[in-house]
Amino acid sequence: MKTRRDFIKISTAGAGAAALGISALSAKGLNFFESKTDGPVSNEDLTPYPTYCEVCFWKCAGWTYVDKSGKIRKIIGNDEDPHCSGRLCPRGTGGVGMYNDEDRLKTPLIRDTKADGTQYYREASWEEALDLMAEKMDILRKDHGPECLALFSHGSGGKMMTDLVKAFGTPNITAPSFAQCRGPREVAFTATFGEDVMSPERTDIRDAKCLVLIGSHIGENMHNGQIQEMSHAIENDATIITVDPRLSTAASHSKYWLPIKPATDIALLLAWTHVIINEELYDKEYVKKYTFGFEQLKEHVKNNTPEWAYGITTIEPHIIRETAREMAAASPRTLVHPGRHVTWYGDDTQRSRAIAILNALLGSWGRRGGFYNPEKVSLPSFPHPPFPIPKRSWKDAYPPGKYNLVNEVLSTGICDATIPNPDMDCQLRGWIVYGTNLLASLPDQRKTLEAINNLDFLVVIDTMPMDITGYADIVLPECTYLERYDYIRTSPHREPALALRMPAVKPKYNSKPNWWIAKQLANRLGLEEYFKWENIEEVLDWQLKQVGSSLEEMQRIGVKKFKREYEDLFFLEGLPDFEFNTNTGKIELYSSELANEGFDPMPKYTAHPEPPQGFYRLNYGRAPMHTFSRTSNNHNLWDLMDENKVWINPKVADLWEIKNGQYIWLKNQDGVISSFPIKARVTERIRWDSVYMVHGFGHTDKKLTRAYGRGASDSEMVTKVVLDPVMGGTGMRVSFVTFLKEDPARNKKEDKA
Ligand SMILES: Nc1nc2c(c(=O)[nH]1)N[C@H]1C(S)=C(S)[C@@H](COP(=O)(O)OP(=O)(O)OC[C@H]3O[C@@H](n4cnc5c(=O)[nH]c(N)nc54)[C@H](O)[C@@H]3O)O[C@H]1N2
Ligand SMILES: Nc1nc2c(c(=O)[nH]1)N[C@H]1C(S)=C(S)[C@@H](COP(=O)(O)OP(=O)(O)OC[C@H]3O[C@@H](n4cnc5c(=O)[nH]c(N)nc54)[C@H](O)[C@@H]3O)O[C@H]1N2
Ligand code: SF4
Ligand SMILES: [Mo]
């Protein structure tokens, strides 16, 4: 697409060297990230530096070992860490590939135009790039108000940028991890239990006797602690029930695999609810004491029999009954997992509500083997003046009252508030994008690009020349997590713990850490009083001293555990009196809050459109060795998996005469053709009505010397979304694809001839 902001392919040298570099590494075996040429080295010759991983959002704490020459030799887990119990996943171990990547952004870049009109990036000093960025922010503040700035931020480093833009005066701070990920779940669980699920999830998987996974593909979804706990549960003979149209890794370890017809889960959940109520399998005392709306729910599901659900889900009635009884037999140690990436079909808050309700009937919230009550260490912020109170926000782009139940900012809402609209009070005009590759993570790329083209400026802070970087006016190269301090990790868990990330090595090239960037900008914008410290060590040390630790101690131990303040890990064990943070003070089976907002107070099943003839529903998910689009160029992980494949059922493959391993192109319902071909994986492990691919491949920037053109991008194919009316999440499993066996580019040329 031709846009006002032409996509600029960031030029680089050294591609040949990159190719050689890969072959020097062994992909397999224990030390797969270590250079063979360096030879083995004993721990005595290495210095460990504490860190927490940034390859995904589980943030496992570990140690980076550096040899005497200053080379990183390995990264291992910290035994004290509740997130990882001493073991990192392959991605975390291979995280050093982010540091070593020769394709990294190396110096600030500024968009410029040549005499012939072509746009290009010129290398700039930090001084010049930051002056220009501050100047643009200042003009925006004076001409339109600070609220016209938005920050997209994902990952731990974004917190410093968050401080900066809050001091600047904007509330528009967002990440794709809400409206494209866990948002519906948080809204649904809050409506039901008065509290959300959080990250890491408060799920007591390790003690569960029955674990129900609804599309949660733990094992491919590699969130470390969950996998370890699931293995523990399996060793203890827990019953695993997996509902997935695909035989996922989790499904292959399950007693029951329910290969559900995609988009019909609510029908299954209602039928389970029906069986559990009608056969009186629910936890009667718990339900009586804690819940509100049981009689309404009973009436609501009275016709949702397994026979009714069979016609919708294709799951046989006796299997529905049997699995419901398994769940009840293990109750309250039955965990119906709430999932994480739950923005599927647009009725996701209601599906998550149905999951929450089932957990409530089984009495698992607040009980061992269900959901625990997490605690975190509250680390005070370094003293600063109060942030200004913004006068406007992204919500002004919508009619009053819309998305009342949402307490985070919608990333797609920021796009809506950036595209001019006559009724809107606050049009956003400047974006700072920190650590999120919006072209890969937001659906409907056309809309994202339309928003970008209405901006006065776009600044991208990244470590790599990713798809979003090419649209920036200013590109700021951040150093990787192995080269910097960040704020202390304080995430909640069974036991509260703190984890430190400190640099193991100096920043490569001309890259800088986020805290330095934020402070430099604050100085230029007259916001110095919010950053009244010399360096981040001072901030961390001050914060740690408030809770009886210090930077020096954390540098030695990396992770510090604290005693829980309250002995209430399982707070409903023994059925004590308890008031929930809902309108009724009860667990709301009937949601008064949803009813007040005009939504269905109890979930209903509605049918979703089916793929047209010759098209298949596009499903996507994770691979154990990659994280989204961020790792596909990491040479350690690329060695393990260098492209994605499209899973196709053999019946469909036969029909199309597609062979296993054959490269094909995908074309979606809107005529969008994948930029690159993708290999077919013909397998019985997927239903005939859908296809599946791993997210994060098919990069279009040649600068990514390994990832460019490898596999296809699901993001490119997701041009259609169904918005969740409750919370604005983008249902992204509503696109359909068909297959092209010939190179479409060649076809186009032939058409022209
Ligand atoms: N089509 C499709 N869309 C999806 C998903 C999907 O499966 N399919 N998944 C959804 C989900 S669940 C989520 S949570 C989101 C994730 O969305 P994102 O967080 O946007 O995920 P990534 O694509 O990994 O983009 C991360 C970006 O951060 C950069 N980065 C990595 N480390 C650092 C660092 O230390 N500093 C800085 N400044 N930058 C860094 C990477 O180079 C990359 O550009 O995407 C959502 N969108
Ligand atoms: N290795 C690795 N692990 C990760 C990540 C990563 O990038 N890499 N990202 C992390 C993040 S932020 C998130 S949010 C999670 C996401 O991981 P999860 O929350 O576990 O999964 P989803 O992406 O929602 O779901 C993928 C599964 O849903 C199935 N599915 C598709 N349609 C349907 C349907 O209609 N019904 C049912 N029941 N199932 C369906 C697919 O076949 C697939 O197995 O993973 C996390 N873990
Ligand atoms: S699960 Fe793996 S990638 Fe994610 S933080 Fe832990 S070690 Fe890193
Ligand atoms: Mo996510």
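As the structure is a computational prediction, the values presented were derived from the model and not from experiment.

Moving on: the overall build of the protein. Looking only at helices and strands, one finds 25 helices and 26 strands in the protein. Relative to the compact-globule value of 27 Å for 753 residues, the protein shows a C-alpha radius of gyration of 26 Å, a close match. Counting only C-alpha atoms and orienting by the principal axes, one finds that the protein spans roughly 75 × 75 × 65 Å. Scored against the burial criterion, the 753 residues of the protein give a buried share of 62%. A separation threshold of at least 6 residues defines the contact pool for the protein, and within that pool the share at least 24 residues apart is 74%. Working note: accessible area of the protein is about 28,600 Å², and carbon and sulfur atoms make up 50% of it. Taken together, the 92 basic and 99 acidic charged side chains of the protein have centroids lying 3 Å from each other.

Once that is clear, we can look at the site of ligand 1. Within the structure, ligand 1 sits among 29 residues, and His154, Thr436, Ser441, Asp462 and Ser629 are positioned closest to it. Within the backbone of Asn437, a nitrogen or oxygen atom sits 3.0 Å from an oxygen atom of ligand 1. One nitrogen or oxygen atom from the main chain of Ile461 is found 3.1 Å from a nitrogen atom belonging to ligand 1. At the level of elements, α6 (176-193), α16 (438-441), β14 (457-462) and α24 (714-717) are the ones that each hand at least two residues to the shell around ligand 1. Partitioned by chemical class, the residues of the shell around ligand 1 number 12 nonpolar, 11 polar and six charged. For the shell around ligand 1, the domains that each give at least three residues are domain 2 (109-174 + 380-487 + 497-561) and domain 4 (616-752).

A word on the state of the cysteines. This model, assessed by the stated rule, comprises zero disulfides. Distance from the sulfur of Cys479, which forms no disulfide, to the nearest cysteine sulfur (Cys53) is 16 Å. By relative accessible area, Cys479 is classed as buried at 0%.

So, on to the nonpolar core. Within the largest apolar cluster, 60 residues are counted, with the highest numbers of intra-cluster contacts made by Trp272, Met327, Leu361 and Trp365. A total of nine residues in this core trace back to one element, the largest contributor, which is helix α9 (residues 265-278). Beyond its immediate stretch of four places on either side in the chain, Trp272 contacts Val212, Ile214, Ile241, Val243, Leu258, Ile320, Thr323, Ala324, Met327 and Leu358. With 50 residues, the next largest nonpolar core counts Leu151, Phe168, Leu498 and Phe562 among its residues.

Following the criterion strictly, the structure yields six cavities of 30 Å³ or more and no others. In terms of lining, the largest cavity is formed by Cys53, Val55, Cys56, Trp58, Lys59, Cys60, Leu88, Cys89, Arg91, Gly92, Met222 and Asn224. The residue makeup of the lining of the largest cavity, split by class, is eight nonpolar, two polar and two charged.

Attention shifts here to the sheet that holds strand β9 (residues 239-243). Taken in spatial order, the four strands make up an open sheet running β10-β9-β8-β12, and their pairing is parallel. Of all the strands in the sheet, the pair left with one neighbour each is β10 (256-258) and β12 (334-336). The sheet shows a mean angle of 10° between the axes of neighbouring strands, taken without regard to direction. Direction of pairing for strand β8 (residues 210-214) relative to β9: parallel, over a ladder of five bridges. In the strand pairing of β9, Ile214 is matched with Val243.

In spatial order, the strands read β1-β2-β3; together these three strands make up an open sheet with antiparallel pairing. Strand pairing shows two members of the sheet lacking a second neighbour, β1 (47-52) and β3 (72-77), which therefore form its edges. Sheet twist, expressed as the average angle between the axes of neighbouring strands with direction ignored, equals 25°. Bridge analysis of β1 against strand β2 (residues 61-66) gives six bridges, and the strand direction is antiparallel.

The next thing to look at is the confidence of the model for the protein. Chain-level pLDDT for the protein is 93 on average; 93% of the residues reach the 70-or-more range. Confidence drops under pLDDT 50 across residues 12-37; counting only partners more than four residues distant or on other chains, this segment forms 40 contacts. Across residues 749-753, where pLDDT falls below 50, the model places zero contacts with residues more than four positions away in sequence or in other chains.

Domain annotation for the protein reports domain 1 (35-100), domain 2 (109-174 + 380-487 + 497-561), domain 3 (185-374 + 572-596) and domain 4 (616-752). With centres defined by C-alpha atoms, the gap from domain 1 to domain 3 works out at 36 Å. Taken together, the contacts link 12 residues of domain 1 with 10 residues of domain 3. Note on domain 1 versus domain 3: buried area summed over both sides is about 850 Å², and carbon and sulfur give 60% of it. Put simply, domain 1 and domain 3 have zero salt bridges between them. Applying the counting rule to domain 1 against domain 3 returns five residue pairs in polar contact (both at pLDDT 80 or more). The class makeup of the residues in the side of domain 1 that touches domain 3 is eight nonpolar, two polar and two charged.

Analysis parameters
- Residues numbered from 1 in each chain as written.
- Chains lettered and ligands numbered in written order.
- Predicted model: local features only at pLDDT ≥ 70, side-chain atom pairs only at ≥ 80, totals over all residues.
- Heavy atoms only, no water.
- Helix = DSSP H or I, 4+ residues; strand = E, 2+ residues; numbered from the N terminus.
- Rg over C-alpha atoms; globule rule 2.2 N^0.38 Å.
- Buried < 20%, exposed > 50% of the residue type's maximum accessible area, 1.4 Å probe, protein only.
- Contact = heavy atoms within 4.5 Å.
- Areas by Shrake-Rupley, 256 points an atom, 1.4 Å probe, with all protein chains shown as cover.
- Lys, Arg positive; Asp, Glu negative; His and termini not counted.
- Charge placed at Lys NZ, Arg CZ, Asp CG, Glu CD.
- Near = heavy atom within 4 Å.
- Polar contact = N/O pair within 3.5 Å; in protein donor to acceptor, adjacent residues only side chain to side chain.
- Nonpolar A, V, L, I, M, F, W, Y, C, P; charged D, E, K, R; others polar.
- Domains from an automatic or database assignment.
- Disulfide = S-S within 2.5 Å.
- Core = buried A, V, L, I, M, F, W, Y, C linked by side-chain atoms within 4.5 Å.
- 1 Å grid on protein atoms, 1.4 Å probe; cavity = no way out; pocket = protein on both sides within 12 Å on 5 of 7 lines; lining within 4 Å.
- Points joined across faces, edges and corners; volume = space filled by probe spheres on them.
- Pairing = 2+ DSSP bridges.
- Axes fitted to C-alpha atoms, helices over the stretch in contact; angles between N-to-C directions.
- pLDDT = per-residue confidence, 0-100.
- Buried area = accessible area lost by both parts, 1.4 Å probe.
- Salt bridge = Lys/Arg side-chain N within 4 Å of Asp/Glu carboxyl O.

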